[in-house]
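Spelled out, the chains give:
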Amino acid sequence: MQKAIVITEQPVSVSVPVGYSFTLRCRAEACTSLQYQWFCQHQSACCQIPGATEQDLLITAQQTQLYTCRINDLYKNAIFSNWVKVEVHQCVARDLLPQLWRGEPVIILNPIEQKVEVGKPLQLQCAAMGVPAPSFQWYRNGNVLEHQKKKKLWISHAKVSDSGTYLCCASNSHGEHWTNAVDIHVGEQSQPTSGTCRSEKFFATDKIALLVGNNHYQHHPNLMAPVTDVFELSLLLKQLGFQVVSLLDLNKAEMMTAVSRFLQLLGKGVYAIFYYAGHGYEHSGRNYMVPIDAPQPYAPENCISVQRILQKMQQRQTALNLILLDTCRKWYNPECALSQVQPLEPWGNTVYGYATSEDAEAYELQDGEFSSGIFMKYLKKHILQEKKVTHMLEDVLEDIGRDPLVTGKQVMEIKHTLKEARALTDPICPLGAAALHWGHNHELLNEIVMFPCGAQVELRFHQVFSNVIYVCAKLQAPPSHIADVRLLLCRPTERQDVAILKDSCADQVESLLASVYKQEEQDCAFQLTGLQKIQTDVLLQLDLHYTQLSTKQRTCESLQKILQKSLVAQLFSHRNSTLPNYQQTPVSAGSLCLRDTSTLSASPKAQASLRMGSGHSLPNSNPSNSCSEPEENDESNLSELCSALLRAGPGQDCP
């Protein structure tokens, strides 16, 4: 009995630009040798392709056609493969495809916002290239539209309930890509319902901010001011309605993950702020941030390019992108190659606020228990102003220019393409689903716990930063039958993913808390930092030591409190992205770091040191013997790094 021909690999449809070369594949099995012949069909004509007698058919795309392959065995049995479509796009910008395109979906046509009358047809259209050709799925207000799985969304008779925010996901075996979100208004909902929003000339659909401050470096001088600067900016932005995530001391993998989540939450009409304070540098207009695990000297792959982040922000159709860089812009290593960064699109929505000018340092001020950057000293004075953001920054620039501490040493610089008079004080008028969880951790409420002996203890939790919690305990009036009471709040043990700040650094954060919260004397307290590393709940233990008055015996009772994994930890969780192992950086006992060997003094009332690159501090005496000499740093494409990070397993280094 003859064995039938079985096709083991069918050719697949593709969607490519004109001139793109690719291969259609077909594989089959039988009891005899097989012969292959490819056919194509254009319009109504189907013809045999001369010489196309191999399993693979190499094609250089010229026009959209259908293809199939016939397979014959020696017994003159024949079978045809599935018909596949080679869709060829004639007008595609050359720079739209990545340089090393692997066939992942690339959006080439986005849907357009529409206002539709009730009962009229609604049609939305998108297009994407990919190998294999992408499949499509439409969404409204974040919900799947089960029957809308084509490039064109069609609703024959639109209803008021069809109003909403629409977007489409194009996906294939290499990944997925989303179109821009568009707002569709049907009938009475075609106009905004809020009188406040109609009366305002400009508004934001949402306000999202990511603040990163790197202080404690593994291989470079530690900084002091980013702690204060991030804390104070976070409070001010929250007053302006921003949803804020503020993070301290991130390694490269964690910075990449935080940026990736930040970008995912941006959308049409959003006001987005990215602030960074820490070691950094600039060369030829390209700015680089230095993670806390960067080696000395820096290697090209150890830093993060700000321009790549801004490119991704622009792709989200934000209404305002504000980049605030409180870092050095000094260039030390001309031998390193520059990264390949494409020019930004001229969308007129971008503002750069540099703490210092090109090829110069940025300084930090040491005044008593606080350390603050010169840039932040004046930014916090003006940021709440109701004026165009560029005009607000000009006020900051003028104040810095009048500061005698940095005269001739630090001059702020502003670059922008902002074509509209948008201000950080503009109102928020949501058009779609807001980023409800950004900046909102699982709130830890104060609570009273009771020991078996009847003693009560109040536990308090203060979220200092998104990845730092201040935990304190206060013993209430003890029962009359016990004496010599001592309360201990035991720190988590055997936790490598939780860092506890040493006393000198804890004092700095405690001072920040005192400036915001009414502080009372506590019996015991400590801080948990590096919460982004927590992958499970944290167990705290309270020990109460006391003497029983009736027996004169010394007794110890214990209670345990579970701190649930915070939303920040979920943002960094292994289900979202698997982070590499992290070696905690030892925290120095209040040491200050140099960026050069000169010392600048302030008035007798406030002896100040100056920081360069958002953190090289100059103490008044006993300068550190270490210094930072930034090297040119590069990074791979942001999306590629994030993808590699997501693929990395536990214990693997960040790519």
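Residues numbered from 1 in each chain as written. Predicted model: local features only at pLDDT ≥ 70, side-chain atom pairs only at ≥ 80, totals over all residues. Heavy atoms only, no water.

Caption draft 1: Local environment of the overall build of the chain. The secondary structure content of the chain amounts to nine helices and 39 strands. Among the 655 residues that make up the chain, the fraction classed as buried is 53%. In the chain, once contacts between residues fewer than 6 apart in sequence are set aside, the share between residues at least 24 apart is 72%. When the accessible surface of the chain is split by element, carbon and sulfur atoms take 50% of a total near 30600 Å². (Helix = DSSP H or I, 4+ residues; strand = E, 2+ residues; numbered from the N terminus. Buried < 20%, exposed > 50% of the residue type's maximum accessible area, 1.4 Å probe, protein only. Contact = heavy atoms within 4.5 Å. Areas by Shrake-Rupley, 256 points an atom, 1.4 Å probe, with all protein chains shown as cover.)

Caption draft 2: Here's a closer look at the sheet that holds strand β24 (residues 280-283). Pairing within the open sheet is antiparallel, and its three strands lie in the order β24-β25-β26. Unpaired on one side and paired on the other, β24 and β26 (304-305) mark the two borders of the sheet. Pairing geometry for β24 and strand β25 (residues 286-289), over four bridges, is antiparallel. Bridge pairing in β25 links tyrosine 281 to tyrosine 288. (Pairing = 2+ DSSP bridges.)

Caption draft 3: Spotlight on helix α6 (residues 389-402). With 14 residues, α6 ought to run about 20 Å at 1.5 Å a step, and its terminal C-alpha atoms sit 20 Å apart, in line with that. Inspection of α6 places Val389, Thr390, Met392, Leu393, Asp395, Val396, Asp399 and Ile400 among the buried residues, and these make up the whole buried set. For α6, the secondary structure elements touched by its buried residues are β27 (320-326), β28 (350-354), α5 (374-382) and β31 (413-416). (Expected span 1.5 Å × (residues − 1).)

Caption draft 4: Quick peek at the packing of aromatic side chains. Counted under the stated rule, the structure contains seven aromatic pairs. On the numbers, 5.8 Å between centres and 70° between planes, the contact of phenylalanine 231 with phenylalanine 465 is edge-to-face. On the criterion of sequence distance, the pair formed by phenylalanine 231 in helix α2 (residues 225-239) and phenylalanine 465 in strand β33 (residues 456-465) is long-range, its members being 234 residues apart. Comparing phenylalanine 231 with phenylalanine 465, the two get one shared label, buried. Taken together, a centroid distance of 5.2 Å and an interplanar angle of 10° make the contact between tyrosine 352 and tyrosine 354 stacked. Residue classification places tyrosine 352 among the buried residues on the basis of a relative accessible area of 8%. Classification of tyrosine 354 as buried rests on a relative accessible area of 2%. (Phe/Tyr/Trp six-rings, centres within 6.5 Å; stacked < 30°, edge-to-face > 60°.)

Caption draft 5: Representation of the state of the cysteines. Per the counting criterion, the structure on display carries zero disulfides. In this structure cysteine 46 is a free cysteine whose sulfur lies 6.5 Å from that of cysteine 47, the closest cysteine sulfur available. (Disulfide = S-S within 2.5 Å.)

Caption draft 6: Up close: the sheet that holds β27. Pairing is mixed across the open sheet formed by six strands, whose spatial order is β22-β21-β23-β27-β28-β31. At either margin of the open sheet sits one strand with a lone partner, and together these are β22 (243-248) and β31. Strand-to-strand twist in this sheet, taken as the mean axis angle between neighbours without regard to direction, amounts to 10°. Here six bridges tie strand β21 (residues 206-213) to β22, and the two strands are oriented parallel to one another. Within β22, the residue paired with alanine 209 across the bridge is valine 244. Packing against the sheet, α2 makes contact with β21, β22, β23 (270-277) and β27, and its axis sits at approximately 170° to β21. Where helix α4 (residues 306-315) meets the sheet, its contacts fall on β23, β27 and β28, and the angle it forms with β27 comes to roughly 165°. (Axes fitted to C-alpha atoms, helices over the stretch in contact; angles between N-to-C directions.)

Caption draft 7: Examining the packing of α2 against α5 more closely. Viewed as axis vectors pointing N to C, α2 and α5 meet at an angle of 15°, and their least axial separation amounts to 10 Å. What the angle tells us is that α2 and α5 run roughly parallel. The crossing of α2 and α5 is left-handed. Residue-level contacts link Asp229, Glu232, Leu233 and Leu236 of α2 to Met376, Leu379 and Lys380 of α5. Here the contact of α2 with α5 is composed, by residue class, of four nonpolar, no polar and three charged. (Parallel < 35°, antiparallel > 145°, perpendicular 65-115°, else oblique. Left-handed = near helix turned anticlockwise from the far one by under 90°. Nonpolar A, V, L, I, M, F, W, Y, C, P; charged D, E, K, R; others polar.)

Caption draft 8: Spatial organisation of the pairing of strand β3 (residues 21-25). Side-chain alternation along β3 places Phe22 and Leu24 on a buried face and Ser21, Thr23 and Arg25 on a face that remains uncovered. Pairing geometry for β3 and strand β7 (residues 56-60), over five bridges, is antiparallel. Opposite leucine 24, over in β7, you have leucine 57 as the bridge partner.

Caption draft 9: Broad picture of unusual backbone geometry. For the peptide bond that leads from valine 131 to proline 132, omega is 0°, which places it in the cis range. You can see proline 132 is positioned in the loop between β14 (127-129) and β15 (135-140). A positive phi angle, near 55°, is found at aspartate 249, a position not held by glycine. The phi torsion at glutamine 317 lies on the positive side, around 60°, for a residue other than glycine. Along the chain, the position of glutamine 317 falls in the loop between α4 and β27.

Caption draft 10: Examining the pattern of salt bridges more closely. Applying the stated criterion across every chain yields a total of 15 salt bridges. In this structure, glutamate 9 engages arginine 25 in a salt bridge whose closest nitrogen and oxygen atoms are separated by 2.9 Å. One end of the pair, glutamate 9, is in strand β1 (residues 6-9); the other, arginine 25, is in strand β3, with 16 residues separating them in the sequence. Classification of arginine 25 by relative accessible area gives partly exposed; the value is 35%. Residues glutamate 113 and lysine 268 are paired through a salt bridge, measuring 2.7 Å at the closest nitrogen-oxygen approach. Here glutamate 113, found in the loop between β11 (106-109) and β12 (114-116), pairs with lysine 268, found in the loop between α3 (252-264) and β23; they are 155 residues apart in sequence, far enough to count as distant. A residue is classified by how much of its surface remains accessible, and glutamate 113, at 37% relative accessible area, is partly exposed. Accessibility expressed as a relative area gives 33% for lysine 268, which makes it partly exposed. Through salt bridges with shared partners, one network takes in Arg140, Lys159 and Asp162. (Salt bridge = Lys/Arg side-chain N within 4 Å of Asp/Glu carboxyl O.)

Caption draft 11: Region of interest: α3. For α3, built from 13 residues, the straight-helix expectation of 18 Å at 1.5 Å per residue is met to within 8% by its first-to-last C-alpha distance of 18 Å. Burial analysis of α3 places 12 of its 13 residues in the buried class, the great majority of the element. Along α3, the residues that are buried comprise Lys252, Ala253, Glu254, Met255, Met256, Thr257, Ala258, Val259, Ser260, Arg261, Phe262 and Leu263. Two to three positions downstream of the cap, the backbone nitrogen of alanine 253 sits 3.2 Å from a side-chain oxygen, assigning the N-cap of α3 to asparagine 251. (Polar contact = N/O pair within 3.5 Å; in protein donor to acceptor, adjacent residues only side chain to side chain.)

Caption draft 12: Region of the structure containing the confidence of the model for the chain. Here the chain averages 76 in pLDDT, while 71% of its residues score no lower than 70. Contacts of residues 494-504 to residues separated by more than four positions or lying in other chains number 30 contacts, the stretch itself having pLDDT below 50. Within the model, the stretch residues 574-655 combines pLDDT values under 50 with 239 contacts to residues more than four positions away or in other chains. (pLDDT = per-residue confidence, 0-100.)

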